[in-house]
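Now for the letters of each chain:
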Amino acid sequence: VAKDPSKNYVFVSRNYHAANKPRDRFSVESLCWIAGRPPPADELASSALNVKVRHGPHTYAVRRFALKGSGDTADVEIADNDKGLAPGQFAAFYKDEVCLGSGVISSDVALDAAPAEISGMTAQQLQAHYLR
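Values in this document were obtained by computation on a predicted structure and should not be read as measured data. Counting from 1, residues in each chain are numbered in the order their sequence is written. Totals for whole chains, interfaces and linings use all residues, but because this is a predicted model, local features are given only for residues with pLDDT of at least 70 and pairs of side-chain atoms are given and counted only at 80 or more. Values reported for side chains reflect all heavy atoms of the structure, with hydrogen atoms and water molecules removed beforehand.

1. Description of the overall build of the protein chain
If you tally the helices and strands in the protein chain, you get three helices and eight strands. Counting from the N terminus, the helices are the DSSP runs of H or I reaching at least four residues and the strands are the DSSP runs of E reaching at least two. Reading the protein chain from its N terminus to its C terminus gives the helix and strand order β-β-β-α-β-β-β-β-β-α-α. The buried label goes to any residue with under 20% of its type's maximum accessible area, the exposed label to any with over 50%, and the partly exposed label to all in between, with areas taken from a 1.4 Å probe on protein chains only. Going through the 132 residues of the protein chain one by one, you find that 36% of them count as buried. By element, 52% of the accessible surface of the protein chain is carried by carbon and sulfur atoms, the whole surface being about 7,900 Å². Each accessible area value is a Shrake-Rupley result obtained with a 1.4 Å probe; residue values ignore everything except the protein chains displayed when judging cover.

If you want it as structure tokens, here you go:
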């Protein structure tokens, strides 16, 4: 469910797919836009924006797309859960059938949205929390 390369920790869980763990939000970085610049904000906010993660034909409707900085990073919320979201995967953004650009998933916001009771836990405590 998480990794901390600086400490050489990998966190695993049997409850990764639990319904109470959100899988509908992620951050994306290194956005590369086909037009060379981000689309207009109204185009990104429209209900016609979709995202495809990994390979395969399935796309998700984008519920929220918030550009950050100079347009090369964003926070994304999709309409459905995707239990396979993970940092390092690519996300391609479409308006209708037209690809607007893509970027690399930099974080699974599910961990950022983790319950407050786990903040500040040691690796062993965090592991025990996710294994229950």
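2. Points about the state of the cysteines
By convention in this document, the label disulfide applies to cysteine sulfur atom pairs within 2.5 Å. According to the stated counting rule, one finds zero disulfides in the structure shown. C99 carries a free sulfur, and the closest cysteine sulfur to it, the one in C32, is 9.4 Å from it.

3. Here's the deal with the packing of aromatic side chains
Each aromatic pair joins two rings of Phe, Tyr and Trp (for Trp, the six-membered one) with centres within 6.5 Å, and gets the label stacked for planes under 30 degrees apart, edge-to-face for over 60, and tilted for any other angle. Scanning the entire structure with this criterion turns up two aromatic pairs. Geometrically, the ring pair formed by W33 and F65 is edge-to-face, given 6.2 Å between the ring centres and 70° between the ring planes. With W33 in strand 3 (residues 25–33) and F65 in strand 5 (residues 60–68), this pair connects stretches of sequence that are 32 residues apart. For W33, a relative accessible area of 8% puts it in the buried group. Classification of F65 as buried rests on a relative accessible area of 11%. Consider the rings of F65 and F93, whose centres lie 5.0 Å apart with planes at 80°: the pair is edge-to-face. Note that F65 is positioned in strand 5 and F93 in strand 7 (residues 90–95), a separation of 28 residues in sequence. A single burial state applies to F65 and to F93, both of which are buried. Joined through ring pairs, the aromatic side chains of W33, F65 and F93 make up one cluster.

4. Here we look at the pattern of salt bridges
Salt bridges are defined by distance alone: a side-chain nitrogen of Lys or Arg within 4 Å of a carboxyl oxygen of Asp or Glu. Scanning the entire structure with this criterion turns up six salt bridges. The residue R64 makes a salt bridge to E77 at a minimum N-O spacing of 3.9 Å. You can see R64 sitting in strand 5 and its partner E77 sitting in strand 6 (residues 73–78), a full 13 residues away along the chain. Under the relative-accessibility criterion, R64 is labelled partly exposed at 38%. Among the charged side chains, a network of salt bridges with common partners joins D24, R25, R63, R64 and E77.

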